[in-house]
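# Reading the structure
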Amino acid sequence: MAMKIRLARGGSKKRPFYRIVAADSRMPRDGRFIEKLGTYNPLLAKDSEDRVNMDIEKIKEWMEKGAQPTDRVRRMLEAAGALPKTERNNPKRAVHLASGCFCIFCL
């Protein structure tokens, strides 16, 4: 059974709220999951403590059992210091910076 640690969406229209869950990768995004591992509320300020709540110990247990975190959950774990930061490959940005652009994204 391929396990994923991923986000399951909740909340009403235009008011997203996510649960961080351990689920079988064949199940739907908001469908059946095995265990709830935390929450993520993107509507809160980025510096708010309640924006991301994770049970790091449970997540590490699931990863030892073979569960793979999705890209977004991996970034949250890296920000929390639970995983080492990985180098990302973004070739479009490298080409953009090499062109000598001074747009707001490059400054």
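To start, this report covers the structure provided alongside it. Predicted model, so just to flag it, every value in this text is computed and none were measured.

This paragraph deals with empty space enclosed by the protein. Tallied over the entire structure, the rule returns 1 cavity of 30 Å³ or more. A volume near 30 Å³ is recorded for the largest cavity. Lining the largest cavity are Ile56, Ile59, Lys60, Met63, Leu77, Ala82 and Leu83. Residue contributions to the lining of the largest cavity peak at 4 residues, all from helix α1 (residues 56-64). For the lining of the largest cavity, the per-class residue count stands at 6 nonpolar, no polar and 1 charged.

The next thing to look at is the pairing of strand β3 (residues 35-40). Of the pairings in the sheet, the one linking strand β2 (residues 17-24) to β3 comprises 5 bridges and is antiparallel in character. Pairing of Ala22 across the sheet is with Glu35, part of β3.

Definitions and limits used
- Residues numbered from 1 in each chain as written.
- Predicted model: local features only at pLDDT ≥ 70, side-chain atom pairs only at ≥ 80, totals over all residues.
- Heavy atoms only, no water.
- 1 Å grid on protein atoms, 1.4 Å probe; cavity = no way out; pocket = protein on both sides within 12 Å on 5 of 7 lines; lining within 4 Å.
- Points joined across faces, edges and corners; volume = space filled by probe spheres on them.
- Helix = DSSP H or I, 4+ residues; strand = E, 2+ residues; numbered from the N terminus.
- Nonpolar A, V, L, I, M, F, W, Y, C, P; charged D, E, K, R; others polar.
- Pairing = 2+ DSSP bridges.

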